[in-house]
Amino acid sequence: MGSFGSARGGRGTGRPVRGIALDIGSSRTRAWAPGAGVFADVPSGPVLRGRVTDADSQLRLLRRLTAAAPGGEGHDTVVMLTHPVLAGREEREAVKRVVDGLGAVRVFAVDSARAAAAYAAPSGEGPLLVVDLGAQLTEVTLVVDGLVVDARLAEVGLDDLPEPGDAQDSASAPDPVAGTAADLVSDLWRRDRTGAVRGALRRGVLVTGGGALRLDVTGRLAHLLRARLRLANDPSTSVVRGAGLMLASALRHPAASPARG
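From a predicted model like this one, the values you see are computed outputs, not experimental measurements.

## Things to note about the pairing of strand 9 (residues 128-133)
The buried count for strand 9 comes to six of six residues, which makes it a mostly enclosed element. With burial as the criterion, each face of strand 9 is covered, one bearing Leu128, Val130 and Asp132 and the other bearing Leu129, Val131 and Leu133. Taken together, the six bridges between strand 9 and strand 10 (residues 138-144) define a ladder with antiparallel strand orientation. Across the sheet, the residue bridging to leucine 133 is threonine 138, located in strand 10. Bridging between strand 9 and strand 12 (residues 205-208) involves three bridges; their strand directions are parallel. Across the sheet, residue aspartate 132 finds its bridge partner in strand 12, namely threonine 208.

Here's what the structure looks like:
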């Protein structure tokens, strides 16, 4: 977990603090707050393949969400923001420009794979493969001891599947997503020299994102990987829920510096 810094740059103002976890997806933006859980699940502003393409529109959306969060006026706000595992400098800068407009006293950033693992996987169980099947991205991440060891990303997602009921393409509908995810796992395996990927496959692959709710996609993926899939509880919100758990921990220990990874 790292930090984007802060719009006002400080901690310890003495005012009450409220926390908000935000997950900006290509299709949906979700918000979580302590005591309320997931309190918003709304269409995202202009986001394309994980990249914020209209910072002003997204900022207006996030301002509405933070205003609706429990805590009300007179509270300093601490934000936990998720991002794609392999988000590059351009993507991070675009998100930072949005976040800077929220006026939060502290903004933490965590990748989506570790957030999902924090929510859906017991700690200390060994290497974990996280497959996030999103609307416009497919991500595969190897997490060991809470750290990202390796990851792959493809700009393919559920939006690239044929519409349900399209008889002409129904037989091949899962392939663009399931096939891509399986290829990404295979590439991780080929480059792994520690046996961590093999161990993670034996334990079962954690599948998150909206694609985890598509039985055709998950069935095909399990067949291609020849591995057991572990579907996160409420997989479409597992990332923001995991970010919320990390946020709650940060709020309980405000003096602790976030670990970077």
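## Comments concerning the sheet that holds strand 11 (residues 147-154)
Strand order in the open sheet formed by five strands is 11-10-9-12-13, with mixed pairing between adjacent strands. At either end of the open sheet lies a strand with only one pairing partner, and these are strand 11 and strand 13 (229-231). Taken pair by pair, the neighbouring strands of this sheet meet at an average axis angle of 25°, ignoring direction. Of the strands in this sheet, strand 9, strand 10 and strand 11 are in contact with helix 4 (residues 175-191), which crosses strand 11 at around 140°.

## Quick notes on the side chain of arginine 230
Mapped onto the fold, arginine 230 is located in strand 13. The buried category is assigned to arginine 230, whose relative accessible area is 15%. Dropping the residues within four chain positions of it, arginine 230 is found in contact with Ala121, Pro122, Glu125, Leu128, Arg203, Gly204, Val205, Leu206 and Val207.

## Let's talk about the confidence of the model for the chain
For the chain, the average pLDDT comes to 84, and 86% of its residues sit at 70 or higher. Every residue in residues 256-261 scores below 50 in pLDDT, and together they form 13 contacts with partners more than four places removed in sequence or on other chains.

## Side note on helix 5 (residues 196-203)
Owing to its 3.6 residues per turn, the α-helix aligns residues three or four sequence positions apart on the same side. Buried within helix 5 we find Ala196, Val197, Gly199, Ala200 and Leu201. Close packing links the buried residues of helix 5 with strand 9, strand 10, helix 4 and strand 12.

## Quick word on the environment of alanine 227
Turning to its location among the elements, alanine 227 is positioned in the loop between helix 6 (215-225) and strand 13. The class of alanine 227 is buried, set by a relative accessible area of 14%. Expressed as a C-alpha distance, the spacing of alanine 227 and arginine 203, which sit 24 residues apart in the sequence, is 8.5 Å. Setting aside anything within four residues of it in sequence, one finds alanine 227 in contact with Leu201, Val205 and Ala222.

## Points about the pattern of salt bridges
Under the counting rule described, the total for this entry stands at ten salt bridges. For the salt bridge of aspartate 160 with arginine 49, the shortest nitrogen-to-oxygen distance reads 3.1 Å. Of this pair, aspartate 160 sits in the loop between strand 11 and helix 4 while arginine 49 sits in the loop between strand 5 (47-48) and strand 6 (51-52), and the two are 111 residues apart along the sequence. Residue aspartate 187 is joined to arginine 190 by a salt bridge in which the shortest nitrogen-to-oxygen separation is 3.2 Å. One end of the pair, aspartate 187, and the other, arginine 190, are both in helix 4, three residues apart, so they sit about a helical turn from each other. In this structure aspartate 187 comes out as buried when scored by relative accessible area, which is 16%. One salt-bridge network, held together by shared partners, links Asp150, Arg152, Asp187, Arg190 and Arg191.

The rules behind these values
- Along each chain, residue indices are assigned from 1 in the same order as the chain's sequence is written.
- In keeping with the model being predicted, local features are shown solely for residues with a pLDDT of at least 70 and side-chain atom pairs are shown and tallied solely at 80 or more, while totals for entire chains, interfaces and linings include all residues.
- Remark: hydrogens and water are excluded; side-chain values derive from all non-hydrogen atoms of the structure.
- Buried residues are those whose accessible area, probed at 1.4 Å on protein chains only, stays under 20% of the maximum for their type, while exposed residues exceed 50% and partly exposed ones sit between those limits.
- Numbering of helices and strands runs from the N terminus; a helix is a DSSP stretch of H or I covering at least four residues, while a strand is a stretch of E covering at least two.
- Two strands form a pair only when DSSP identifies at least two bridges running between them.
- Working convention: axes come from line fits to C-alpha atoms, limited for helices to the stretch in contact. Angles between N-to-C directions cover 0 to 180 degrees.
- Contact criterion: two residues are considered in contact whenever any of their non-hydrogen atoms come within 4.5 Å of each other.
- Values of pLDDT, the confidence the predictor places in each residue, fall between 0 and 100.
- When a carboxyl oxygen of Asp or Glu lies within 4 Å of a side-chain nitrogen of Lys or Arg, that pair is called a salt bridge.

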